Amino acid sequence: MMNFDGLDPGMGDYPPALHASLDPGMEQPLDPRLDPSLLQSVELDPAGLPVPVQGSDSVHLPEGMYSELHSVVSEGGVPVCASHFDLQEELLWIGNHRGHATSFFGPTMGRYSSFQVHASDDIRQIHSMESGVLFLSKSNLKCVTRGGLVMFDYLMEESADMHSLLLTDNTTALVGGLQNYVTQIDLNTVQETQKFSVEVPGVAIMRHSNRFFFCGHTSGKVSLRDLRSFTLEQEFDAYSGSLSDFDVHGNLLVTCGFSSRMSGQACERFLMVYDLRMMRAISPLQVHVDPLFLRFIPTYTSRLAIISQTGQCQFCEPTGLANLADVFHVNTVGQLMSFDVSSSKQALAFGDSGGCVHLWSDSTEASFNSYSWEPEFALPCMVDTLPHLDWNHDLLPLSLIPVPLSSPEQLLSDWASAYILPQPRHAPPVDPEILRTMKTVGFIGYAPNPRNRLRNQVPYKTKEAENEYDSYNQVPESPIGREEEPHLYMVPKKYRKVTIKYSKLGLEDFDFKHYNKTLFAGLEPHIPNAYCNCMIQVLYFLEPIRCLVQNHLCQKEFCLACELGFLFHMLDLSRGDPCQASNFLRAFRTIPEASALGLILADSDEQTGKVNLGRLIQSWNRFILTHLHQETQEQEGPQAYRGVSNSAFGSSGESVIGRLFGCEVENSSTCRCGKETVRSSLTLLFTIHYPDLNTAGVCVCNHCAVCAQVQTRNIRCLPDVLVINCEVNSTKEAEFWEAQAQYAFKKAIKKEEMEPPKPREANPPEWEELCTAEGLSLYTSIEELRHVWIPLSLKMTMNKNKELEVTSWSEGEELSSSEEAQGAVVYDLVVTVPHVLDPRTGGNLVAHIKVGETYHQRKEGVTHQQWYLFNDFLIEPIDKCEAAQFDLSWKVPAILYYTKRNCHSKYDLRIKNPIEASVLLAEASLARKQRKSHATFIPLMLSEMPQAGDLVGLDAEFVTLNQEEAELRSDGTKSTIKPSQMSVARITCVRGQGPNEGVPFIDDYISTQEQVVDYLTQYSGIKPGDLDAKISSKHLTTLKSTYLKLRFLIDVGVKFVGHGLQKDFRVINLLVLKDQVIDTVYLFHMPRKRMISLRFLAWYFLDLKIQSETHDSTEDARTALQLYRKYLMLSSKGSRPEEFRKVLKGLYEKGRKMDWKVPDCEGRGPEQPQEYCCVPLCDGNVRPETNRGTFQKLRELDILKWIYSPRNTTKSIAVTQLFTICNSLPLKPHKAVCIVIINSLLTAVFCSLE
């Protein structure tokens, strides 16, 4: 990096003192359009493609002289402040003032790679290594591969101002700048190893030879330092002003710089030359240009190349006289700002302030390095062509014909399971000779090859169909695996752990309907702590619980009752599509009690099966009932929140949870002293105590301080829902269940033999058809009762001694009048939650739920009760006996739910939406720096409240909480095991109609307490600190607050317009009906074609260039609204859809030609026909315009001219509207806010003036 002190004072647009700047004649240095008057004879392509100089073939220079070979535009209007020839590959690297790096390949200067190095700081120096490229900016050093992947990013002190970078070897770098130290960095460990002190004002330029480090200072001195200790050996005072550049070759050191004059600093035309053998100055060299850069080019002799700021280049010998004939001129756009020489000395590179790069060479086939590596180019898109198939060929395999994986229509070859008999072809047995000679080492067996079969070929023989379908029931023949448990593969397929197979499209092509043919919604299992999905379904199908949490709403940020209500609302709306409990589990992870109870699992524990899920779900069941009881206790109104009641838990049961699950239990204990103690408590669930497995509980008497045995435990009242934790945690408890099931089975056999057969009950025909297709039966056979012990119905009665009597009861039998008078009640089994033991997957939890009539009426349109299996997103109807059947070898009971018959009649099951319109009004930000925050939105006023059918533009940005987990297959393809966990970081909603169309009314940054592993700044615009309430300057809110705003808009019935809204709503955890979503990604999409990005659609249809550096949700939402208006205009031009299809075909043809990339220049080029855009006016008229930007600016000038005209004596309606909206802002109107609202107000203002 060079020192430019003393240059033209007009070059002060960029504050760093050691950087060149633009020509003061350029009024807008960062304008993407270049000034044609500066191009002279150089033809520059704005798209960045190399264009040869016209007339270059006619230039004939002597051998060894240089001429211009190519000129390209890196980024129009952005100065090129660093250039470097790669030392390993034929690449030229350049960096600009916006922190963007670009590489060009070979003498043809074709683009190789381009990426953003720093968001705002300029690139000050570039160095290449074998593994990557180093980029130095003001306060950080970043190493990037040549393809753009970041290897490391080393941040320095905030006060650092680095300018020079020097590689001492492949693993060590020296970094210096305008501070009193030079830092040594180990590139392997990316750590600071040493810090050398230097005198003020620091080191601006560094070079090295085999003897010294050379450090150039802004004071005009050059110091020579030891290679090992960095101690000062010699110092040359070259100039009285400052130093701009120097270079070392052999025993010569040549410098250029500035001298102090009366009026300031002036460029010195004398180059100072020093002999390093005698350590003294020799005769200076006078040149004919104002030197700014210099380099040795030792091709034939020790020539020097001296470059001026204006682009003049002179070659001369350091010990001879400069010849005026050796001066050449570089055709620059502006002024030169960077210069470099290739290692082969065959090419020179110049970067100027106009964003252009000029390549000079001594031959047309120049090589940057003597021995260069072969670069890695991006592979072209390879599209496999399908082979020709002869349909008439008898032996043609039908599997070669491509058929879509999923289709809404059932295939003719997709037979019902009732007509299919599976006949698997088993592998042949292992050769007995191999088993006889096998030696086992660990779990691997070794045996000599008997050579009786061909390599990689196994003959198969057709066998008769076997009676046993599952071949895994047989004992393995190999000694490896004989000790495996026999139940290892006996788990039925529907009970096994289900996983989602991700493809390139994520979940879009995954067929969830294959696992769930009902209209009930499943839950996705890939979220952390999703083991509780089965219990969430259990709570949802309890009608009083569902109504309670959907009517509940409080001000607490992390409230499980509120999150359950939001989740149950999605389950109500879903028509068979799975939902995810991400927001509920996010709130669940923040509760300290859950963490203390061990309910929050690490991903490794959940995947490897190290946790006893049966015991865990019982603890979770106890926790959730207690927590919901506390959160809903003494609830008053939808917006009231009292937190946990001051009274101790158990002393009050006023909540619905307490009335539904609460049971008063009286514990009495008698001491030897005769003292009797009675304690009453409220319990929400019961635990089974097995005989001979639990010792009698003891407690200490408060009267005599002696242990007294608990004698009685009486139940004083019965709950409406009886919850039982089975606690089958040991072998003895499992043997107890097996013994009881065996006894019940023998009893059922005797009863079947003694009683005559009964006629079958009539069932609805639709359920008969469904069960026949699924291979089920609605009628119970005696064999299905083999592992059934728990009764489907229970009768409980409190006798005269206040003791509880429990007896088994027939499911279809009702109580008599006398039994009801005695207080007898009947409980029906509605839920069983078993733990499925599967060593291959670590096991999983499922739920058997008896779904009531109200749910079937709402989902299926029938009044019926049916048992279902809920295994995450797999839902199947099952027989009632299967719900109570527990084969302890793989299916262990965990939780049972019994409900009192007709208990729902005493609960209010009406749902009143608690979300009111007040959630859209202005709210305070969580950020402590709120006074400094930018007002990026205008909240809705009462007159602007949305109605059904109103348009709302929406876009969201996300951050990554957990990275994606994937594996690489043997064929080189990547398989996603677990997707990355995303969290919403910013949500923006803009008005879709009215005078303020396009103005955002929601622009919330979502505060998060979880660790963010990637802010995705390039795609989201979110920077570190934006989501931190302590340092953020954004409008920061909680996820729940913004979620309520979106829920209100959904409930009102607005239509959301956006691009890729399916993913946005999925991450936000919202379910929106399809008729309320207008997604531009599908509006401009042809079947079996790729999806088109918002940026390309905006460029093609609207002539807008968006997302140039980062994404902005406000810009994206507004652009989606404009695209929807464009879609309405195009689709309404013709009455036939063929005309719009032609427009889409033109869009796809243009995209393929452009490789779906938006060019750097504005406009669509001459290929795109001119189209008219329509601007809606308040009076309903439509006016065409050919250039939206030009027309808008002219209209703006006309309005302002009319408002401030001295002839205008009437009060302007435009001024009134503008001040009304500005005064309604919570903060002082910022310039950015005025820019946001002016575009949407101009149309209304223009109409009002007319």
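Conventions used here
- Residues numbered from 1 in each chain as written.
- Predicted model: local features only at pLDDT ≥ 70, side-chain atom pairs only at ≥ 80, totals over all residues.
- Heavy atoms only, no water.
- UniProt positions renumbered as here; feature names shortened; annotations may be inferred.
- Pairing = 2+ DSSP bridges.
- Helix = DSSP H or I, 4+ residues; strand = E, 2+ residues; numbered from the N terminus.
- Axes fitted to C-alpha atoms, helices over the stretch in contact; angles between N-to-C directions.
- Salt bridge = Lys/Arg side-chain N within 4 Å of Asp/Glu carboxyl O.
- Buried < 20%, exposed > 50% of the residue type's maximum accessible area, 1.4 Å probe, protein only.
- Patch = residues over 30% accessible without salt bridge, like charges linked within 9 Å, V, L, I, M, F, W, Y side chains within 5 Å.
- Areas by Shrake-Rupley, 256 points an atom, 1.4 Å probe, with all protein chains shown as cover.
- Lys, Arg positive; Asp, Glu negative; His and termini not counted.
- Charge placed at Lys NZ, Arg CZ, Asp CG, Glu CD.
- pLDDT = per-residue confidence, 0-100.
- Contact = heavy atoms within 4.5 Å.
- Expected span 1.5 Å × (residues − 1).

- As annotated in an unreviewed UniProt entry, the protein carries the name PAN2-PAN3 deadenylation complex catalytic subunit PAN2 and comes from Acipenser oxyrinchus oxyrinchus.
- Under the heading Subunit (unreviewed entry), UniProt records this for the protein: "Forms a heterotrimer with an asymmetric homodimer of the regulatory subunit PAN3 to form the poly(A)-nuclease (PAN) deadenylation complex."
- You can read under Catalytic activity (unreviewed entry) in the UniProt record for the protein the words "Exonucleolytic cleavage of poly(A) to 5'-AMP."

## Considerations on the sheet that holds strand S9 (residues 150–155)
Here is step 1: With antiparallel pairing, the four strands of this open sheet are ordered in space as S6-S7-S8-S9. Looking at which strands have only one partner, the edges of the open sheet turn out to be strand S6 (125–128) and S9. If you compare each strand with its neighbour and ignore which way they point, the axes differ by 15° on average.
Here is step 2: Of the pairings in the sheet, the one linking S6 to strand S7 (residues 133–136) comprises four bridges and is antiparallel in character. Bridge pairing in S7 places Ser128 opposite Val133.

## Notes on the pattern of salt bridges
Here is step 1: Per the stated rule, a full pass over the model turns up 38 salt bridges.
Here is step 2: For Arg295, the salt bridge identified is with Asp245, shortest N-O distance 2.8 Å. One end of the pair, Arg295, is in strand S24 (residues 291–297); the other, Asp245, is in strand S18 (residues 242–249), with 50 residues separating them in the sequence.
Here is step 3: Judged by its relative accessible area of 12%, Arg295 falls in the buried class.
Here is step 4: When its relative accessible area of 0% is taken as the criterion, Asp245 is described as buried.
Here is step 5: Via salt bridges that share partners, Arg207, Asp245, Asp247 and Arg295 belong to a single interconnected network.

## Structural notes on a positive patch on the surface
Here is step 1: On the surface, Arg1136, Arg1141, Lys1142 and Lys1145 cluster together to form a positively charged patch.
Here is step 2: Here Lys1142 shows up in helix H21 (residues 1137–1153).

## Here we look at the confidence of the model for the protein
Here is step 1: Averaged over every residue, the pLDDT of the protein is 78; residues scoring 70 or more account for 75%.
Here is step 2: Confidence drops under pLDDT 50 across residues 1162–1195; counting only partners more than four residues distant or on other chains, this segment forms 54 contacts.
Here is step 3: Note on residues 1219–1233: pLDDT is under 50 here. Beyond four places in sequence and across chains, it has 14 contacts.

## Some details on helix H16 (residues 1039–1052)
Here is step 1: In this model, H16 (14 residues) spans 20 Å end to end at C-alpha, consistent with the 20 Å of a helix rising 1.5 Å per residue.
Here is step 2: Judged by how many residues are buried, H16 sits mostly within the fold: twelve of 14 residues are covered.
Here is step 3: By the burial criterion, the buried members of H16 are Leu1039, Lys1040, Ser1041, Thr1042, Tyr1043, Leu1044, Lys1045, Leu1046, Arg1047, Phe1048, Leu1049 and Ile1050.
Here is step 4: Within two residues after H16, Gly1053 carries a phi angle of roughly 110°, on the positive side.

## So, the UniProt feature "binding site: a divalent metal cation" (unreviewed entry) in the protein
Here is step 1: In this structure's numbering, the residues bearing the UniProt feature "binding site: a divalent metal cation" (unreviewed entry) are Asp955, Glu957, Asp1064 and Asp1116. These annotated residues cover 162 residues of sequence, and their C-alpha atoms lie no more than 12.7 Å from one another, placing them together at a single site.
Here is step 2: Position of Glu957 among the secondary structure elements: in strand S47 (residues 951–962).
Here is step 3: For Glu957, a relative accessible area of 5% puts it in the buried group.
Here is step 4: Contact partners of Glu957, with chain neighbours within four places excluded, come to Ser983, Val984, Ala985, Arg986, Tyr1019, Ser1020, Ile1022, His1111, Asp1112, Ser1113 and Asp1116.
Here is step 5: Structurally, the position occupied by Asp1064 is in helix H17 (residues 1061–1068).
Here is step 6: For Asp1064, a relative accessible area of 5% gives the class buried.
Here is step 7: Excluding residues within four positions of it along the chain, Asp1064 makes contact with Leu954, Asp955, Ala956, Phe958 and His1059.

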